[in-house]
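Understanding the architecture of this molecule
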Amino acid sequence: MTAYAPIERTTSRGATADRIFNVVTVGAAWLVLIVLLGAAASMAWGGRLAFQTFGLKFITSSDWDAVGGQFGALVPIYGTLVTSAIALIIAVPVSIGIALFLTEIAPRWTRGPIGIAIELLAAIPSIIYGMWGLFVFAPVMASDVEPWVNDHLGQWPIVGPLFSGPPIGIGMLTAGIVLGIMIIPFIAAVARDVFNQVPPPLKESAIALGSTRWEVLNRVSLPYARSAIIGAIFLGLGRALGETMAVTFVLGNAHDLSVSLLMPSNSIAAAIANEFTEADTDLYRSSLIALAFLLFIVTVIVLSFAKLLLMRINRTHGRTH
Amino acid sequence: MPSRLITRRIVDGLAFLFASAATLFGLFWLFWILWTTLAHGFAALNGKLFTEMTPPPGSEGGLLNAFYGSVMMILLALLIGTPLGIAAGTYLAEHGRYSRLAKVVSFLNDVLLSAPSIVIGLFVYELLVLPAGHFSGYAGALALALILLPIVVRTSDEALRLVPDQMREAAFALGIPRWRVTSRILYKAAATAISTGVLLGIARIAGETAPLLFTALGNQFWSAQLSQPLASVPVVIFQYAMSPYDEWHTLAWAGAFILTVFVLGLNLAVRLVARRGK
């Protein structure tokens with residue numbers, strides 16, 4: 001360091017360097033915005049041919065015919081929504097249960113290791129979920145779970161048709177379950193953190209009034225954490241909607257609209273992954289990019305909503321503490 | 001009155017039973033997935049994996065070209081994504097801490113963090129592959145860099161915010177220019193946390209498949225050129241697992257084994273070190 005240099009020189013040199021440093025960091029921050037907006041714009045641009053050709057029919061038609069040049073995205077949209085819904089039905093109660101276990105029940109020394117193990121579920125690459133789903137889980141579904149589902153749930157009134165079909169192992173139910181497992185760690189981690197943030201005096205007061213531990217959770221912790229939990233659920237939903245590889249392996253890539261959850265279907269991400277490199281016409285390619293545009297817009301909205309809800313809990317915390 | 005108490009106790013017990021069952025449920029899948037991957041993969045390991053190229057259908061071979069491609073693309077993605085991510089994180093935490101831009105970027109960065117990676121792949125396809133006219137390792141690396149970027153932004157932002165303000169004040173009081181305070185003092189204080197984030201980012205992009213499908217594509221043969229289509233471990237696993245050939249399935253399991261051990265090993269190591277650091 002130039003310890004005896006005149007002060008003016010140091011500061012003016014510092015000022016120039018400061019300006020450069022500032023420009024670099026601002027530029028990098030803008031880059032994040034540009035990537036997000038650029039991805040949306042380039043999907044819209046790439047999909048314009050499909051949108052112009054089919055208009056609204058693109059999302060209302062289930063006719064996906066590469067040879068005849070007809071592309072309607074209803075099946076992949078339906079498949080994406082149904083598999084994500086199954087995933088949420090499984091993951092939400094399980095994740096809240098895990099969060100409750102980690103914050104209230106587990107002996108203190110086991111909380112760290114069990115928490116890390118659950119988080120590792122999020123670290124497993126989705127391609128591994130896909131391979132395991134295809135070679136290990138789908139056969140089990142086909143030989144054990146789906147025949148049982150057919151014989152029992154399939155006989156129920158109203159929901160019966162959802163659960164009857166050929167037990168082939170590959171289909172919306174299998175994909176939904178795999179997705180559910182994949183999003184458990186995301187929802188569980190947020191739920192655990194907000195349960196831990198519930199001010200102890202609130203819980204202690206409830207206990208002092210004679211509440212059971214379940215009542216403390218149900219009437220104190222859950223209401224306190226409600227918006228963050230909903231935010232976490234939307235975070236999981238955003239992940240489930242856009243998940244590609246695991247779904248591609250176990251969904252079956254079939255462009256048929258079927259009521260039965262046991263039937264193969266398609267999802268937006270899986271259709272793109274399966275077909276994009278084989279798309280041989282401009283319209284085909286454009287239709288797949290148009291699908292990506294729809295997926296991107298919907299996930300960005302879902303994730304923004306999640307972030308808003310999660311931000312609110314953080315901010316109220318900043319005030320109360 | 002006592003019967004009501006009994007009902008409440010039973011509900012309480014059931015809730016706790018459910019919570020424990022839910023945790024077992026989560027752990028059950030983790031162990032099932034890990035066990036099958038490790039068992040199938042371990043059986044498929046052999047010396048040829050690291051010395052031979054990916055084979056044509058029906059014959060044996062290794063994954064050397066895929067390992068090479070993955071390593072090169074991850075390194076290049078790190079070279080692009082890390083400095084940009086740290087710079088953006090510096091803006092969020094330091095230079096623009098209270099600005100409107102920082103709030104917007106911080107918000108959208110979290111959205112980008114969870115956005116579907118296949119869309120990032122298509123974005124890079126439109127950006128690089130289409131104008132160039134062919135798939136390339138550079139495009140694959142850029143796609144991975146764009147996935148790494150929000151991870152590094154988030155962790156470096158958080159790491160810098162954890163540095164106590166007294167440190168900044170002390171440095172400013174000595175008349176040190178701001179860029180030197182950031183680069184010499186704050187980065188040093190936040191170095192462990194930032195590198196933790198970068199390592200977790202490596203673990204994340206090492207397993208990414210979807211963004212590579214339309215950028216690096218894959219290459220059955222040895223190619224050291226990043227300007228050409230480049231093989232990678234996840235894409236080879238995808239292609240071989242979806243194929244009808246047994247030899248290819250075996251190789252896919254071997255690749256899955258190495259990928260899983262690498263990703264989970266890195267995750268565990270980082271977490272253990274971070275925990276000890278606290």
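These numbers come from a predicted model, not from an experiment. (Residues numbered from 1 in each chain as written. Chains lettered and ligands numbered in written order. Predicted model: local features only at pLDDT ≥ 70, side-chain atom pairs only at ≥ 80, totals over all residues. Heavy atoms only, no water.)

**Re the overall build of chain A**
Applicable threshold: Counting from the N terminus, the helices are DSSP H or I runs at least four residues long and the strands are E runs at least two residues long. As defined in this context, the radius of gyration uses C-alpha atoms, and a globule is described by 2.2 Å times the residue total to the power 0.38. Accessibility here uses a 1.4 Å probe with only protein chains present; expressed as a share of the type maximum, an area under 20% marks a residue as buried, one over 50% as exposed, and anything in between as partly exposed. Should any heavy atoms of two residues lie within 4.5 Å, those residues are counted as being in contact.
Looking only at helices and strands, one finds 12 helices and two strands in chain A. Reading the secondary structure of chain A in the N-to-C direction produces α-α-α-β-β-α-α-α-α-α-α-α-α-α. Against the globule reference of 20 Å for 321 residues, chain A gives a C-alpha radius of gyration of 25 Å, more extended than a compact globule. Expressed as a percentage of its 321 residues, the buried residues of chain A come to 56%. Expressed as a percentage of contacts within chain A between residues at least 6 apart in sequence, the contacts between residues at least 24 apart total 73%.

**Observations regarding the packing of aromatic side chains**
We apply this condition: Only the six-membered ring of Trp is used, alongside the rings of Phe and Tyr, when aromatic pairs are assigned; centres must lie within 6.5 Å, and planes under 30 degrees apart are stacked while those over 60 apart are edge-to-face, with the rest tilted.
All chains considered together, the criterion is met by 27 aromatic pairs over all chains. Ring geometry for Phe276 of chain A and Tyr125 of chain B: centres 4.8 Å apart, planes at 85°, overall edge-to-face. Of this pair, Phe276 of chain A sits in the loop between α11 (268-275) and α12 (282-320) while Tyr125 of chain B is found in helix α4 (residues 117-132), placing the two residues in two different chains. A single burial state applies to Phe276 of chain A and to Tyr125 of chain B, both of which are buried. Consider the rings of Tyr68 of chain B and Trp222 of chain B, whose centres lie 4.8 Å apart with planes at 50°: the pair is tilted.

**With respect to the side chain of Ser95 of chain A**
Residues and elements named next belong to chain A. Tracing the backbone through its elements, the reader meets Ser95 in helix α4 (residues 74-105). Classification of Ser95 by relative accessible area gives buried; the value is 0%. In this view, Ser95 contacts Ile184, Ile187 and Ala188; residues no more than four positions away in its chain are not counted.

**Here we look at the interface of chain A and chain B**
The cut-off we apply is this: For any pair of parts, buried area is found by adding up, for both, the accessible area (1.4 Å probe) each one loses once the two are put together. Salt bridge, as applied in this entry: a Lys or Arg side-chain nitrogen positioned within 4 Å of an Asp or Glu carboxyl oxygen. Amino acids outside the nonpolar list (Ala, Val, Leu, Ile, Met, Phe, Trp, Tyr, Cys, Pro) and the charged list (Asp, Glu, Lys, Arg) are all regarded as polar, and Gly is one of them.
Every contact between the two is made by 86 residues of chain A and, on the other side, 81 residues of chain B. Between chain A and chain B, roughly 7,500 Å² of surface is buried when both sides are summed, and carbon and sulfur atoms account for 82% of that area. One salt bridge in this structure joins Arg8 of chain B and Glu215 of chain A, with 2.8 Å as the shortest N-O distance. A total of 22 residues in the side of chain A that touches chain B trace back to one element, the largest contributor, which is helix α1 (residues 7-46) of chain A. In the side of chain A that touches chain B, the residues fall into 61 nonpolar, 18 polar and seven charged.

**Side note on the pattern of salt bridges**
On inspection of all chains with the given rule, the structure shows 16 salt bridges over all chains. Between Lys203 of chain A and Glu104 of chain A there is a salt bridge, with the nearest N and O atoms lying 3.0 Å from each other. Of this pair, Lys203 of chain A sits in helix α8 (residues 200-208) while Glu104 of chain A sits in helix α4, placing them 99 residues apart in sequence. Exposure remark for Lys203 of chain A: the relative accessible area of 17% places this residue in the buried category. The residue Arg204 of chain B makes a salt bridge to Glu208 of chain B at a minimum N-O spacing of 2.9 Å. What makes Arg204 of chain B partly exposed here is its relative accessible area of 25%. Relative accessible area serves as the criterion here: at 10%, Glu208 of chain B is assigned to the buried category. Connected through shared salt-bridge partners, Lys307 of chain A together with Asp110, Arg154, Asp157 and Arg161 of chain B make up one network.

**With respect to the nonpolar core**
Where we set the bar: What we call a nonpolar core is a set of buried Ala, Val, Leu, Ile, Met, Phe, Trp, Tyr and Cys residues that are connected through their side-chain atoms within 4.5 Å.
Counting residues in hydrophobic clusters, the biggest one holds 197 residues, and the most contacted among them are Tyr129, Trp132, Ile272 and Leu291 of chain A together with Ile118 of chain B. The leading source of residues in this core is helix α7 (residues 172-197) of chain A, at 16 residues. If near-sequence neighbours (up to four positions away) are discounted, Leu291 of chain A is found in contact with Phe58, Trp64, Ala73, Pro76, Ile268, Ala271 and Ile272 of chain A.

**Quick word on α7 of chain A**
Residues and elements named next belong to chain A. Spelled out, the test is: Residue count minus one, scaled by 1.5 Å, sets the expected span of a helix. For a residue, the bend is simply the angle between two axes, fitted respectively to the seven-residue segment ending there and the seven-residue segment starting there.
With 26 residues, α7 should reach 38 Å at 1.5 Å per residue; the first-to-last C-alpha distance of 37 Å fits that figure. Of all the bends in α7, the largest measures some 35° and sits at Ile183, one to four residues before the proline Pro185. Of all 26 residues making up α7, 21 are buried, and the element is well covered by its neighbours.

**Here we look at the packing of helix α6 (residues 126-151) of chain A against helix α9 (residues 233-241) of chain B**
The test is simple: Note on definitions: angles span 0 to 180 degrees between N-to-C directions of axes, and those axes are lines fitted to C-alpha atoms, for helices only across the stretch in contact. Should an angle fall under 35 degrees it is called roughly parallel, over 145 degrees roughly antiparallel, and 65 to 115 degrees roughly perpendicular, with every other angle called oblique. Left-handed describes a crossing whose near helix is turned anticlockwise from the far helix by less than a right angle; the clockwise case is right-handed.
Where α6 of chain A contacts α9 of chain B, the two axes come as close as 10 Å, and the packing angle between them is 15°. On the basis of the axis angle, α6 of chain A is roughly parallel to α9 of chain B. When the axes of α6 of chain A and α9 of chain B are compared, the crossing they make is left-handed. Contact with α6 of chain A, carried on its side by Ile127, Met131, Leu134 and Phe135 of chain A, involves Pro234, Ile237, Phe238 and Ala241 of chain B of α9 of chain B and no other residues of that element. Split into classes, the residues belonging to the contact of α6 of chain A with α9 of chain B amount to eight nonpolar, no polar and no charged.

**Considering the side chain of Ser221 of chain A**
Residues and elements named next belong to chain A. Here Ser221 lies in helix α9 (residues 213-242). Using a relative accessible area of 2% as the deciding quantity, one classes Ser221 as buried. Beyond its immediate sequence surroundings of up to four residues, Ser221 is in contact with Phe195, Val198, Lys203 and Val216.

**Describing the environment of Phe135 of chain B**
Residue and element names in this part refer to chain B. Mapped onto the fold, Phe135 is located in the loop between α4 and α5 (137-161). Judged by its relative accessible area of 21%, Phe135 falls in the partly exposed class. Between the alpha carbons of Phe135 and Glu52 there is a distance of 23 Å; along the sequence they are 83 residues apart. Residues contacting Phe135, with those up to four places away along its chain left out, are Tyr125, Val129, Phe214, Thr215, Ala216, Leu217, Ser227, Gln228 and Pro229.

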